[in-house]
Amino acid sequence: MSSFLRPADADEPPLTLLPAQAVYRPVSSHLAIAPPVSVVIPAMNEAENLPYVFKTLPDWIHEVILVDGNSTDDTVRVARELWPGVTVVPQRGKGKGDALTSGFAACTGEIIVMIDADGSADGGEIVSYVSALVSGADFAKGSRFANGGGTDDMTPVRKLGNRVLTAIVNTKFGARYTDLCYGYNAFWRHCLDEIALDCAGFEVETLMNIRVVKAGLRVQEIPSHEYNRIHGVSNLRAVRDGLRVLKVIVRERGSRRNRSARPALIIGDAR
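So, a few notes on the structure that sits alongside this text. All values derive from a computational prediction rather than experimental measurement. Note that residues are indexed from 1 along each chain, following the sequence as it is written. Per-residue local features of the predicted model are confined to residues with pLDDT of at least 70, and side-chain atom pairs are confined, for both listing and counting, to 80 or more; whole-chain, interface and lining totals are unaffected and use all residues. Hydrogen atoms and water are omitted, and side-chain values are computed over all heavy atoms in the structure.

### Focus on the overall build of the protein
At step 1: The secondary structure listing takes helices from DSSP runs of H or I that are at least 4 residues long and strands from runs of E that are at least 2 residues long, numbered from the N terminus. Each helix and strand in the protein was counted, giving 8 helices and 12 strands.
At step 2: Here the term buried applies to any residue with accessible area under 20% of the maximum for its type, exposed to any over 50%, and partly exposed to those in between, with areas from a 1.4 Å probe on protein chains only. Looking at the 271 residues of the protein, the share that counts as buried comes to 46%.
At step 3: Nonlocal contacts in the protein, meaning residues at least 24 apart in sequence, comprise 75% of its contacts between residues at least 6 apart.
At step 4: Here, Shrake-Rupley sampling with a 1.4 Å probe gives the accessible areas, and only protein chains in the shown set may cover a residue. Approximately 13400 Å² of the protein is accessible, and the part contributed by carbon and sulfur atoms is 55%. Only heavy atoms matter for contacts: two residues are in contact if any of them lie within 4.5 Å across the pair.

Structure, rendered in structure tokens:
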């Protein structure tokens with residue numbers, strides 16, 4: 001949305017829709033935004049991957065929050081060299097959920113983007129997430145299985161497990177997701193008050209997806225491509241983490257829905 005109403009005369013200042021103090025960040029050739037964007041990156045021993053991750057981050061973002069999970073390599077040093085203004089948050093607990101919660105608490109932006117540190121996600125896609133949010137969504141959820149998305153990193157077993165778990169969530173909570181267990185998401189800061197995260201592991205992604213539906217938040221799926229981890233070995237374990245996700249689904253099914261919540265609008269076009 002442009003703040004310019006009409007061409008200005010040579011001796012007349014342009015009229016604006018917002019106060020003069022509003023700061024616009026050019027996001028693309030046709031979009032500029034005022035809300036500052038924070039990017040949260042949980043990382044543990046990802047020094048080799050961070051150059052690839054930071055290279056894809058757009059220069060218009062407000063801040064990068066790196067949550068360091070007690071790395072024994074040069075993760076923190078590399079992050080500071082790549083992005084001098086990075087905010088490093090030492091993780092006190094363990095697990096991805098704990099790391100994200102710590103990172104979210106440190107954010108000062110109005111829009112929060114969560115992205116992995118292994119090089120599997122393209123930071124260039126952030127513009128699509130932010131565009132969805134400024135267009136009216138509360139929560140922009142990445143999907144590898146929406147039209148335009150894809151993955152290079154899922155085994156047949158993991159794909160099957162994700163499909164089954166997604167179907168369960170859709171049936172039990174009235175969602176229309178095409179992907180459940182994916183960690184590339186963005187949302188307005190106010191969503192944190194609605195979803196109140198309280199788990200420490202990889203199942204945090206599922207918990208967020210369920211709670212935004214229960215809270216009646218407006219959700220839009222964003223087609224995303226997941227690449228292979230560049231260096232190192234993933235800590236994901238299909239059976240173990242699948243059971244933890246299932247446990248979260250059962251627990252959330254037994255808890256009450258926010259009575260004041262409006263119906264969720266979930267947009268997802270499955271392949």
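### Digging into helix α7 (residues 204-214)
Residues separated by three or four positions in an α-helix point in the same direction, a consequence of the helix having 3.6 residues per turn.
At step 1: Counting buried positions over the 11 residues of α7 gives 11, a clear majority of the element.
At step 2: All buried positions along α7 are accounted for by V204, E205, T206, L207, M208, N209, I210, R211, V212, V213 and K214.
At step 3: Where α7 ends, the next residue or the one after it, G216, has phi of about 75°, a positive value.

### Notes on the nonpolar core
At step 1: The biggest cluster of nonpolar side chains holds 37 residues, and the ones touching the most others in it are I41, F54 and L57.
At step 2: Of all the secondary structure elements, the ones that give two or more residues to this core are β2 (31-33), β3 (37-43), α1 (50-56), β4 (63-68), α2 (75-82), β6 (111-114), α4 (126-134) and β9 (185-188).
At step 3: For this core, the element with the most residues is α4, which contributes 5 residues.
At step 4: Beyond its immediate sequence surroundings of up to four residues, I41 is in contact with V53, F54, L57, V64, I65, L66, V67, I115, D116 and A117.
At step 5: Counting 34 residues, the second-largest nonpolar core is a separate cluster that includes A99, C107, V204 and V245. What we call a nonpolar core is a set of buried Ala, Val, Leu, Ile, Met, Phe, Trp, Tyr and Cys residues that are connected through their side-chain atoms within 4.5 Å.

### Some words on the packing of aromatic side chains
At step 1: A pair of aromatic rings is counted whenever rings of Phe, Tyr or Trp (Trp by its six-membered ring) have centres within 6.5 Å, and the orientation is called stacked for planes under 30 degrees apart, edge-to-face for over 60 and tilted otherwise. In this structure the tally under the stated criterion is 5 aromatic pairs.
At step 2: For the pair F104 and F187, a centre-to-centre distance of 5.3 Å together with 90° between the ring planes defines the contact as edge-to-face. Of this pair, F104 sits in helix α3 (residues 96-106) while F187 sits in strand β9, placing them 83 residues apart in sequence. Each member of the pair, F104 as well as F187, is classed as buried.
At step 3: Centroid distance Y129 to Y184: 4.6 Å. Interplanar angle 20°. Geometry classified as stacked. You can see Y129 sitting in helix α4 and its partner Y184 sitting in the loop between α5 (156-173) and β9, a full 55 residues away along the chain. Taken individually, Y129 and Y184 each receive the classification buried, so the pair is uniform in this respect.
At step 4: Aromatic ring contacts, followed pair by pair, group F104, F139 and F187 into a single cluster.
At step 5: Its guanidinium or amino end placed over the ring of Y177, K141 lies 5.0 Å from that ring's centre, counting from NZ or CZ. Criterion for a charge above a ring: Arg CZ or Lys NZ at most 6 Å from the ring centre, at most 35 degrees from the ring normal.

### A few points about the packing of α3 against α7
At step 1: Axis definition: a line fitted to C-alpha atoms, limited for helices to the stretch in contact. Angles are taken between N-to-C directions and run from 0 to 180 degrees. Running from amino to carboxyl end, α3 crosses α7 at an angle of 60°, the nearest separation of the two axes being 9 Å. One way to sum up the angle between α3 and α7 is to call them oblique. Facing K96, G97, L100 and F104 of α3, the residues of α7 in contact are V204, E205 and M208.
At step 2: In terms of residue class, the contact of α3 with α7 is built from 4 nonpolar, 1 polar and 2 charged. Orientation categories follow fixed angle ranges, with anything under 35 degrees roughly parallel, anything over 145 roughly antiparallel, 65 to 115 roughly perpendicular, and all other angles oblique. Ten residue types, Ala, Val, Leu, Ile, Met, Phe, Trp, Tyr, Cys and Pro, are classed as nonpolar, four, Asp, Glu, Lys and Arg, as charged, and the remainder, Gly among them, as polar.

### Re unusual backbone geometry
At step 1: Phi at N45 is positive, roughly 55°, even though this residue is not glycine.
At step 2: You can call N45 partly exposed: its relative accessible area is 35%.
At step 3: Located in the positive-phi region is A196, a residue other than glycine, with phi close to 40°.
At step 4: Here A196 shows up in the loop between α6 (191-195) and α7.

### Looking at the pairing of strand β5 (residues 87-90)
At step 1: Direction of pairing for β4 relative to β5: parallel, over a ladder of 4 bridges. Bridge pairing in β5 places D68 opposite P90.
At step 2: Throughout, right-handed denotes a crossover for which the path from the first strand over the helix to the second runs clockwise when the strands point away from the viewer. Once you follow β4 into α2 and on to β5, the crossover reads as right-handed. Each pair of strands is called paired provided DSSP finds at least two bridges between the two strands.

### A few points about α3
At step 1: Considered for burial, the residues of α3 that qualify are K96, G97, A99, L100, G103 and F104. Down the axis, α3 shows its buried residues gathered within 160° of arc, on one side only.
At step 2: As for α3, its buried residues are in contact with β3, β4, β6, β9, α6 and α7. Along the arc lie the directions from the helix axis toward the C-beta atoms.

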